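# Descriptive analysis of the structure
As a plain string of letters, each chain reads:
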Amino acid sequence: QVQLVESGGGLVQAGGSLRLSCAASGRTFSSYAMGWFRQAPGKEREFVARISRSGSTTYYADAVKGRFTISRDNAQNMVYLQMNSLKPEDTAVYYCAAQSQRLVSTRDDSFDYWGQGTQVTVSS
């Protein structure tokens, strides 16, 4: 069982930056790949970024590639999403998720545990 708690959301102007944090409970954090997803009003939840168990491999959605960076600290049971050059279309609730399966997937139904989400609003 893994419990995830996101923080760091807020209101920012276009072009600004935010860093989201996700704190994980449990002693097996390093056995999970971690991901960030987002859901804008009226839209389906979409993949943002994924990081492997060791942190050596990352994947990004095309919409955020080059602007967002996912990282993790296994000693602190933390995963982060650094978001730069934010755009109004990045406005959404952002969710942290943990994936136990070994097969690499960015599908949301392949992730086992989810946080409650943190709101990010980017004003134009």
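Attention in this report is confined to the structure presented alongside it. (Residues numbered from 1 in each chain as written. Predicted model: local features only at pLDDT ≥ 70, side-chain atom pairs only at ≥ 80, totals over all residues. Heavy atoms only, no water.)

Before going further, it helps to examine the overall build of the chain. Within the chain, the secondary structure is distributed over zero helices and 11 strands. Written out in order from the N terminus, the α and β elements of the chain read β-β-β-β-β-β-β-β-β-β-β. In terms of overall size, the chain behaves like a compact globule, its C-alpha atoms giving a radius of gyration of 13 Å where 124 residues would be expected to give roughly 14 Å. Taking all 124 residues of the chain together, the buried fraction comes to 46%. Relative to all contacts within the chain whose residues are 6 or more apart in sequence, the contacts with residues 24 or more apart total 58%. On the chain, the mean spot of the 13 positive side-chain charges and the mean spot of the 10 negative ones are 6 Å from each other. (Helix = DSSP H or I, 4+ residues; strand = E, 2+ residues; numbered from the N terminus. Rg over C-alpha atoms; globule rule 2.2 N^0.38 Å. Buried < 20%, exposed > 50% of the residue type's maximum accessible area, 1.4 Å probe, protein only. Contact = heavy atoms within 4.5 Å. Lys, Arg positive; Asp, Glu negative; His and termini not counted. Charge placed at Lys NZ, Arg CZ, Asp CG, Glu CD.)

Within the largest apolar cluster, 34 residues are counted, with the highest numbers of intra-cluster contacts made by Met34, Trp36, Val79, Leu81, Met83 and Tyr94. Contributing elements (two or more residues each) for this core: β3 (18–24), β4 (33–39), β5 (46–51), β7 (68–73), β8 (78–83), β9 (92–99) and β11 (118–123). A total of five residues in this core trace back to one element, the largest contributor, which is β9. What Tyr94 contacts, discounting residues up to four positions off in sequence, is Glu6, Leu20, Trp36, Phe37, Arg38, Val48, Phe68, Leu81, Met83, Gly117, Thr118 and Val120. (Core = buried A, V, L, I, M, F, W, Y, C linked by side-chain atoms within 4.5 Å.)

Nothing here speaks to function; it is geometry throughout.
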